[in-house]
Amino acid sequence: MSDPTCLPFAFPSVRGKKLTAAFDGGRLTSDGGVLLLAQAARRLDIADKLAAVIPDRRDPSRVLHPLPEILLARILAIACGYEDADDLDHLRADPAFKLACGRLPESGHDLMSQPTVSRLENTPGLRDLIRLGRVLVDLYCASYPVPPDAVTLDIDDTCDVVHGQQQLSLFNAHHDERCFLPIHVYDTATSRPVAMILRPGKTPSGREVRGHLRRLVRAIRRHWPNTAITIRGDGHYGRPEAMDWCENNRVAYVFGLTGTKALAAKVEQTADHIRVVRAIDNEDAVRGFAETRHAAKSWRQERRVVARIEATRLGLDVRYVVTNITTGTPEWLYADLYCARGQAENLIKLHKSQLASDRTSCRHPAANQMRLVLHTAAYWLMLSVREAIPKAHRLATAEFATLRLRLLKLGARIRETASRVRLAFATACPEADLLSHLATTLAPAPG
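These numbers come from a predicted model, not from an experiment. (Residues numbered from 1 in each chain as written. Predicted model: local features only at pLDDT ≥ 70, side-chain atom pairs only at ≥ 80, totals over all residues. Heavy atoms only, no water.)

## What to know about the overall build of the protein chain
Here comes step 1: Check the secondary structure of the protein chain and you find 16 helices and 16 strands.
Here comes step 2: Overall, the C-alpha framework of the protein chain stretches about 80 × 60 × 45 Å when taken along its three principal axes.
Here comes step 3: Among the 447 residues that make up the protein chain, the fraction classed as buried is 49%.
Here comes step 4: By sequence separation, contacts in the protein chain at least 24 residues apart represent 65% of the contacts at least 6 residues apart.
Here comes step 5: Of note, the protein chain has its 61 positive side-chain charges centred 3 Å away from the centre of its 50 negative side-chain charges. (Helix = DSSP H or I, 4+ residues; strand = E, 2+ residues; numbered from the N terminus. Buried < 20%, exposed > 50% of the residue type's maximum accessible area, 1.4 Å probe, protein only. Contact = heavy atoms within 4.5 Å. Lys, Arg positive; Asp, Glu negative; His and termini not counted. Charge placed at Lys NZ, Arg CZ, Asp CG, Glu CD.)

Encoded structure:
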């Protein structure tokens, strides 16, 4: 753990006493809380489930690091803020990471290095990635103890900027970047991830959206045949092909809709009333809602359209959504149901910014999709730790970056004896009570 070639160094003296330092502290770790993530990983059995669908073509007689161990080490490193594979070159001897992966801190062999991890990321083919995606959906469905009566899934894409010539990357004029536009699907009510799909940096077509929805709903209904599913998304996903498929397969939807002159004419009476009310009362803003039936030329039938109309001193702002939901008032449909999809943006931030899932720097798209799977697995571990925190605690709704700082980045001394391994955390650890509570709560079920 210490490098004897590193010379001691000094800090300014304190009250006349010389202050020196050296990297000779022995078996210390700065990621003592990684063992909480390891317990969450064992409860979910996430590494073994992912490894079960990846072909291992290595010679068994020469294998030093099983696939589940490689996956677990990479996922734990991502959750702890080490998003690059070459970080394992330094973490492979860290005693906490070795313990988290089931190896003894001193007598056990070191973990794998970066080349082994990189080979794994480039191993899965297209069919393997499809199976990995199903594992993530299975993991989501298994997170409910019983099938829910209904779920609402938010589908959205995000700009993943690239800095090379990665395959599938395209220049996107809206973002003014060469990028991917991966699709993220979340159960926003519970913050749980459902699917992550790498795709080119262009707006998805109707056929593409329909294909993604068909595969996703089919995988979910293998577990929940009677659960009502609602798909929620912005105007990118309100395509005729997607709406037709949802209507044919008992799937509710609410999508954003681009305004047209024909739509504006249908809600003009309500819009004019709102303008007059704002002017008479001299208000800064007045909001109202309208409902109509509308059929674009590319639609096969008329559909319910709800308009949110807001008059301000700067003019009139109208937003539309289209849905096959027949119940509920226009205000509930837009303000309560549709606008709740904004929470998906926060979940994408957790996935993309705080777990660095935009580190898709491999040349081949299959390797980049594999990275999305690994980062999603790290998301599950962080979410499992957060869900185990008591609801009244101040960290119960904390972001992942805060949880990492408060619960994972903990210094600890690790000593291995003949009969036990002992972890010594700092006496002044601010979250000592919570840490001991989580260690008990996240312990794997017996048997």
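## Points about the sheet that holds strand β16 (residues 421–425)
One key point about sheets: their strands pair by backbone hydrogen bonds, in either a parallel or an antiparallel sense.
Here comes step 1: One open sheet accounts for three strands, arranged β3-β15-β16; its pairing is antiparallel. Each edge of the sheet is formed by a strand with only one pairing partner; in this case those strands are β3 (28–29) and β16.
Here comes step 2: For β3 and strand β15 (residues 412–416), the ladder comprises two bridges, and the chain directions are antiparallel. Opposite L28, over in β15, you have R413 as the bridge partner. (Pairing = 2+ DSSP bridges.)

## Notes on helix α15 (residues 400–408)
Here comes step 1: Every buried residue of α15 is accounted for by F400, L403, R404, L407 and L408. Summarising the axial view, the buried residues of α15 lie within an arc of 105°, below the 170-degree limit, and thus occupy one face.
Here comes step 2: Check the buried side of α15 and you find it contacts α1 (34–44), α3 (67–79), α13 (343–354), α14 (365–387) and α16 (432–441). (Arc of directions from axis to C-beta.)

## Re the layout of surface pockets
Here comes step 1: Taken as a whole, the largest pocket spans an internal volume of roughly 750 Å³.
Here comes step 2: L129, I130, G133, I197 and R215 are the residues nearest the centre of the largest pocket, which is lined by 24 residues in total.
Here comes step 3: When residues of the lining of the largest pocket are assigned to their parent elements, the largest contribution, seven residues, is made by helix α7 (residues 126–142).
Here comes step 4: In terms of residue class, the lining of the largest pocket is built from 16 nonpolar, four polar and four charged. (1 Å grid on protein atoms, 1.4 Å probe; cavity = no way out; pocket = protein on both sides within 12 Å on 5 of 7 lines; lining within 4 Å. Points joined across faces, edges and corners; volume = space filled by probe spheres on them. Nonpolar A, V, L, I, M, F, W, Y, C, P; charged D, E, K, R; others polar.)

## Some details on the UniProt feature "domain: Transposase DDE" (unreviewed entry) in the protein chain
Here comes step 1: UniProt tags residues 12–444 as "domain: Transposase DDE" (unreviewed entry).
Here comes step 2: Within residues 12–444, the helical portion is 40% and the strand portion 21%, while the C-alpha atoms at the span's ends are 47 Å from each other. (UniProt positions renumbered as here; feature names shortened; annotations may be inferred.)

## Some remarks on the domain arrangement of the protein chain
Interfaces are often sized by the amount of accessible area the parts lose when they come together.
Here comes step 1: Structurally, the protein chain comprises domain 1 (26–123 + 379–442) and domain 2 (126–361).
Here comes step 2: Distance from the C-alpha centre of domain 1 to the C-alpha centre of domain 2: 35 Å.
Here comes step 3: Facing the 22 residues of domain 1 at the interface are 20 residues of domain 2.
Here comes step 4: Where domain 1 abuts domain 2, roughly 1,900 Å² becomes buried across the two surfaces, and 65% of that area is made up of carbon and sulfur atoms.
Here comes step 5: The largest per-residue losses of area from domain 1 upon contact with domain 2 belong to V53, Y379 and W380, which jointly make up 38% of the total buried on that side.
Here comes step 6: Where domain 1 meets domain 2, there are four salt bridges.
Here comes step 7: The tally of links between domain 1 and domain 2 comes to eight residue pairs in polar contact (both at pLDDT 80 or more).
Here comes step 8: Listing elements by their share of the side of domain 1 that touches domain 2, those giving two or more residues are α2 (46–51), α3, α14 and α15.
Here comes step 9: Ranked by residues supplied to the side of domain 1 that touches domain 2, first place goes to α14 with six residues.
Here comes step 10: Tallied by class, residues from the side of domain 1 that touches domain 2 come to 14 nonpolar, one polar and seven charged. (Domains from an automatic or database assignment. Buried area = accessible area lost by both parts, 1.4 Å probe. Salt bridge = Lys/Arg side-chain N within 4 Å of Asp/Glu carboxyl O. Polar contact = N/O pair within 3.5 Å; in protein donor to acceptor, adjacent residues only side chain to side chain.)

## Observations regarding the packing of aromatic side chains
Here comes step 1: Inspection of the entire model under this criterion finds 10 aromatic pairs.
Here comes step 2: Of the aromatic side chains, those joined through ring pairs into one cluster are Y140, Y144 and W224.
Here comes step 3: In this structure, R303 packs its charged tip against the face of W299, placed 5.3 Å from the ring centre. (Phe/Tyr/Trp six-rings, centres within 6.5 Å; stacked < 30°, edge-to-face > 60°. Lys NZ or Arg CZ within 6 Å of the ring centre and 35° of its normal.)

## Re α13
Here comes step 1: Under the 1.5 Å per step criterion, the end-to-end length of α13 is 16 Å for 12 residues, consistent within 8% with the ideal 16 Å.
Here comes step 2: All of the buried residues in α13 are A344, L347, I348, L350, H351, K352 and Q354.
Here comes step 3: Considering only its buried residues, α13 is in contact with β4 (150–157), β8 (183–187), β9 (192–197), α14 and α15.
Here comes step 4: The positive-phi residue at the C-terminal boundary of α13 is A356, with phi of around 55°. (Expected span 1.5 Å × (residues − 1).)

## Some details on the pattern of salt bridges
Here comes step 1: Counted according to the given criterion, the structure contains 30 salt bridges.
Here comes step 2: Of the charged contacts, one joins E208 and R199 as a salt bridge, the two residues approaching to 2.6 Å between their closest N and O atoms.
Here comes step 3: Judged by its relative accessible area of 2%, R199 falls in the buried class.
Here comes step 4: R319 is the partner of D317 in a salt bridge, and the nearest nitrogen-oxygen pair spans 3.5 Å.
Here comes step 5: Given the relative accessible area of 27%, D317 is considered partly exposed.
Here comes step 6: R319 gets classed as partly exposed once you look at its relative accessible area, which sits at 44%.
Here comes step 7: Through salt bridges with shared partners, one network takes in D244, E247, R300 and R303.

## Thoughts on the side chain of N172
Here comes step 1: Tracing the chain through its elements places N172 in strand β6 (residues 170–172).
Here comes step 2: A polar side-chain atom of N172 sits 3.0 Å from the main-chain amide nitrogen of H174.
Here comes step 3: Not counting residues within four places of it along the chain, the set of residues in contact with N172 comprises E177, C179, L181, G201 and K202.

## Quick word on the sheet that holds strand β11 (residues 251–257)
Here comes step 1: What the eight strands build is an open sheet, ordered β9-β8-β4-β10-β11-β14-β13-β12; its pairing is mixed. Both outer strands of the open sheet, β9 and β12 (285–294), are each paired with one neighbouring strand and no more. Neighbouring strand axes in the sheet, compared pairwise and without regard to direction, differ in orientation by 20° on average.
Here comes step 2: Here β4 pairs with β8 via five bridges, running antiparallel. (Axes fitted to C-alpha atoms, helices over the stretch in contact; angles between N-to-C directions.)

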